[in-house]
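# Breakdown of the fold
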Amino acid sequence: MATAALRVGICGFFLECNRWAPVTTRAMFGAALDMAGDVLQAELAREQPRTLPDTAGFVAQMNQLGPWQPVALRMAAAQPGGPAEHAFFEELVSDIEARLRAAAPLDAVFISSHGAALTTESDDPDGELFARIRAIVGPQVPVVAVLDLHTNVSQRMTDALSAFVAYRCNPHTDLRERGEEVARHLHALIANGPGVVERVRLPLVPPATAQLVAPGTPYAELIALGQTHVGGAILNVSLCGGFALADCEKCGFSVVVTAQGGDRAAARSLALDLAQTVWQQRDRFVSRLTPVDEAVRAALDAGAPGGAPLILADVADNPGAGGGGNTVLLLQSLLAAGAQGVLLGVFTDAALAQEANALGVGANFIARFNRDQRDDLFAQPCQYPARVLALSDGRFVGRRGMVKGSQHEMGPSALLDLGGVRVAVISKRQQLLDPAQLDVLGVDLASVRTLVVKSRGHFRAAFDEFAPRERILEVDGPGLTTPNLKTLPWTRMPRPVFPIDDDANWSP
Ligand SMILES: [Zn+2]
């Protein structure tokens, strides 16, 4: 092998799309992450780059493996939301193409991708991006990608890639490791011949609440089973639960296998075997949600003397899957029942947060929730007398779980006391991932009996200290991200599909 430094193009497009959420605009990417050329190049050299951790892991591992040179192309990411504005996506891909041509010849390309994006005009932008990269670099150059395990995988995506590596943890705590892994695969492919990627899609769309990776869950067991087959020709086994709420043709659980040395037969046969095992276990991928009235009774018990800490996960209003973070049914129900010791967070309402910041700590006022959300079906307005307990500019550094060690902002934020229920109101839509989001508002979690989280499951990586897993109830409330899949207005999901339809069937 030549000792010349490998030149590897670095790019990314990272967005998880909920079909029914508002369009993700160019400005939303701009506010989250959109870097190219020299700016991205400089970012890649930093200890804690603002890119996703998979890219940092890839760069660090490549540094260890030998001489190489990263060639920064472009990378864009946004909070989970609705389909991306197509004009922005087209501009992004054209820009990546132009930069690839200018940088030619490259020895490889690395892509950081979520894999469940939509645009306002395309249901497979990830496939489009990968295919257009492949068309420029030609069939011989390795193109490797790290993807979220919630990716919806198309044939177009896998045909264009030489290695496909999905996260194995949910909550997603292994991005850096997966970036390191794909760097090793890249070196293996250069040494041992072409990478091939085979995918088998099942008519199975597990709700997000049934995709937890934790001891004893079906998803954890199947992912572990997949890893027992890695070795020899098989470089990677990815079990992708998918993201049903994208409501598109490629939705479904996908088993994706990468083989080296061009061994497509080995990849295909393993993918089929594993898919069969997943399908046999499909009944385990359903989850029981707790009705709102039952959740309120549990909160009353938790708030009574001797009650143990409780977490109510408002899984149907998860900003981490495109939800608004602003439904009020649980808030209204807890207040009506006179629940005590409740903290609800983080609730997205920029107008309310700004009003509280203008009034100042100690002010008493009428808190009007969702005054600006007339177009949002699920964000019902309501109002309560409240007192401003604390204020913050919303900047925080994660201290536990998925965002540990990285800097984030929630915009102007306020802690409001509604009597028995305190609400942490923020301006920039996001889920509750880290206790630091509450620390900056002066919350002492020891004073909380019931924590209501606007998050589906990623909070679990950080709030295990507050309450054990058996004290977490996933509540069946209203919202854009309901795991109650039978209730959604599907138009593009291929049917029948389990568990929405009872007659779904599959054979290898
Ligand atoms: Zn995910």
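Residue indices begin from 1 for each chain and proceed along its sequence in written order. With the structure being a predicted model, the display of local features is reserved for residues of pLDDT at least 70 and the display and counting of side-chain atom pairs for 80 or more, all residues being used for whole-chain, interface and lining totals. Only heavy atoms go into the side-chain values, all of them from the structure, while hydrogens and water stay out.

## Quick look at helix α7 (residues 175-192)
Helix and strand definitions here come from DSSP, where helices need a minimum of 4 consecutive H or I residues and strands a minimum of 2 consecutive E residues; each element is numbered from the N-terminal end. For a helix, the expected span equals 1.5 Å multiplied by the number of residues minus one. Taking 1.5 Å as the rise per residue, α7 with 18 residues should run 26 Å; its terminal C-alpha atoms sit 25 Å apart, in good agreement. As for α7, its buried residues are in contact with β1 (6-14), α3 (53-65), β4 (108-113), β5 (143-147), β6 (163-166) and β8 (234-240). Just downstream of α7, Gly193 is the residue with a positive phi angle, here 100°. Throughout, a residue-residue contact means that at least one pair of heavy atoms, one from each residue, lies within 4.5 Å.

## Let's talk about the environment of Leu352
With respect to the helices, strands and loops of the structure, Leu352 is situated in helix α12 (residues 350-359). Judged by its relative accessible area of 1%, Leu352 is buried. Note: C-alpha distance between Leu352 and Ala214 (138 residues apart in sequence) is 37 Å. If sequence neighbours within four positions are ignored, Leu352 has contacts with Phe365, Ala367, Arg368, Phe369, Arg371, Leu416 and Val425. Relative accessible area decides the class of each residue, using a 1.4 Å probe on protein chains only: under 20% of the type maximum gives buried, over 50% gives exposed, and in between gives partly exposed.

## Focus on empty space enclosed by the protein
The method works on a 1 Å grid over the protein atoms by themselves. A cavity is a set of points holding a 1.4 Å probe that cannot get out, a pocket is an open set with protein on both sides within 12 Å along at least five of seven lines, and residues with an atom within 4 Å of a point line them. Grid points are joined across faces, edges and corners, and a volume is the space filled by probe spheres set on the points. Tallied over the full model, the rule gives 1 cavity of 30 Å³ or more. A volume near 110 Å³ is recorded for the largest cavity. Along its surface, the largest cavity is lined by 17 residues, and Pro207, Ala208, Phe243, Ala244 and Leu245 are the ones closest to its centre. Residue type decides the class: Asp, Glu, Lys and Arg count as charged, Ala, Val, Leu, Ile, Met, Phe, Trp, Tyr, Cys and Pro as nonpolar, and the leftover types, Gly among them, as polar. A class-by-class count of the residues in the lining of the largest cavity yields 10 nonpolar, 6 polar and 1 charged. Throughout the structure description, domain borders are defined by an automatic or database domain assignment. For the lining of the largest cavity, the domains that each give at least three residues are domain 1 (6-284) and domain 2 (292-482).

## Brief notes about the coordination of the zinc ion
Donor criterion used throughout: N, O or S atom within 2.8 Å of the metal, extended to 3.2 Å for Na, K and Ca. Water excluded; incomplete-looking sites may result. With distances of 2.1 to 2.4 Å, the protein atoms coordinating the zinc ion are Asp148 (OD), Asp148 (OD), His150 (ND1) and His172 (NE2). In these descriptions, tetrahedral denotes four donors with every angle between 85 and 135 degrees, square planar four donors and octahedral six donors with opposite donors over 155 degrees apart and the rest between 65 and 115, and irregular any other case. In this structure, the zinc ion is coordinated by 4 donor atoms arranged in irregular fashion, with angles at the metal of 54 to 138°. As a motif over one chain, the donors of the zinc ion read D-x1-H-x21-H. Taken as a pair, His150 in the loop between β5 and α6 (155-160) and His172 in the loop between β6 and α7 lie far apart in primary sequence, 22 residues in all.

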